[in-house]
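# Report on the structure
Residue-level listing of the chains:
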Amino acid sequence: MSTTFAQRWLRPEVYPIFAAIGGAVGLCGFFCTRQLVASPGFTAAKSRRMAGILETKADFDEGKNWRDHRVRRFLRSMYGGKGHGPQIFPGLNESFGGGQH
């Protein structure tokens, strides 16, 4: 007796797999879209590619704004006064290494 796709895969036990793979595909799509649409290093327009390497103040500011996006600014403001950047387990890092990394 053969099982159908729904009988095999649409069960509550496989929902975490769907969530993990769906989250990974979503993050990958977000990252690729952000790189292609907003990255200062990627130019699809032929007129901008013909300009070559631009080293004006505006280009440096564009790169700085690209690197310091909202999430990075938020994390920096959250951990700004403690003398270190954001950490995943700050309490664990401090107990094992005194916060040095």
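Residues numbered from 1 in each chain as written. Predicted model: local features only at pLDDT ≥ 70, side-chain atom pairs only at ≥ 80, totals over all residues. Heavy atoms only, no water.

## Here we look at the overall build of the protein chain
- Of regular secondary structure, the protein chain possesses six helices and zero strands.
- In the protein chain, the succession of helices and strands from N to C terminus is α-α-α-α-α-α.
- Here the protein chain holds 101 residues, and 6% of them are scored as buried.
- Counting only carbon and sulfur atoms, one obtains 64% of the accessible surface of the protein chain, whose full area is about 8,900 Å². (Helix = DSSP H or I, 4+ residues; strand = E, 2+ residues; numbered from the N terminus. Buried < 20%, exposed > 50% of the residue type's maximum accessible area, 1.4 Å probe, protein only. Areas by Shrake-Rupley, 256 points an atom, 1.4 Å probe, with all protein chains shown as cover.)

## Examining the side chain of Asp68
- Counting through the fold element by element, Asp68 comes out in the loop between helix H4 (57-67) and helix H5 (70-79).
- Ignoring sequence-local partners within four residues, the contact set of Asp68 consists of Arg73 and Arg76. (Contact = heavy atoms within 4.5 Å.)

## Some words on a nonpolar patch on the surface
- Together, Phe5, Trp9, Leu10, Tyr15 and Phe18 make up a nonpolar patch on the protein surface, roughly 560 Å² of accessible area in all.
- Elements represented by at least two residues in the nonpolar patch include exactly helix H1 (5-9) and helix H2 (15-38).
- The residue Leu10 is located in the loop between H1 and H2 in this model. (Patch = residues over 30% accessible without salt bridge, like charges linked within 9 Å, V, L, I, M, F, W, Y side chains within 5 Å. Salt bridge = Lys/Arg side-chain N within 4 Å of Asp/Glu carboxyl O.)

## Focus: the layout of surface pockets
- Looking at the largest pocket, its volume works out to about 260 Å³.
- Within the residue set of the lining of the largest pocket, elements represented by two or more residues are helix H3 (46-49) and H4.
- Top element by residues in the lining of the largest pocket is H4. It accounts for three residues.
- Partitioning the lining of the largest pocket into residue classes produces three nonpolar, three polar and five charged. (1 Å grid on protein atoms, 1.4 Å probe; cavity = no way out; pocket = protein on both sides within 12 Å on 5 of 7 lines; lining within 4 Å. Points joined across faces, edges and corners; volume = space filled by probe spheres on them. Nonpolar A, V, L, I, M, F, W, Y, C, P; charged D, E, K, R; others polar.)

## Let's talk about the UniProt feature "transmembrane region" (unreviewed entry) in the protein chain
- The positions that UniProt labels "transmembrane region" (unreviewed entry) are, in the present scheme, residues 14-32.
- Here residues 14-32 is 95% helix and 0% strand, with 27 Å between the C-alpha atoms at its ends. (UniProt positions renumbered as here; feature names shortened; annotations may be inferred.)

## As for the side chain of Ser39
- Relative to the helices and strands, Ser39 resides in the loop between H2 and H3.
- Apart from residues lying up to four places away in sequence, Ser39 is in contact with Arg34 and Trp66.

## Quick look at the pattern of salt bridges
- As enumerated under the stated definition, the model contains two salt bridges in all.
- Of the charged contacts in the structure, one is a salt bridge between Glu13 and Arg11, with a shortest N-O distance of 3.6 Å.
- Glu13 gets classed as exposed once you look at its relative accessible area, which sits at 56%.
- The partner of Asp61 in a salt bridge is Lys57, and the shortest N-O contact between them spans 3.1 Å. Remark: Lys57 and Asp61 occur in helix H4; sequence separation between them is four residues, near one turn of the helix.
- With a relative accessible area of 28%, Asp61 lands in the partly exposed category.

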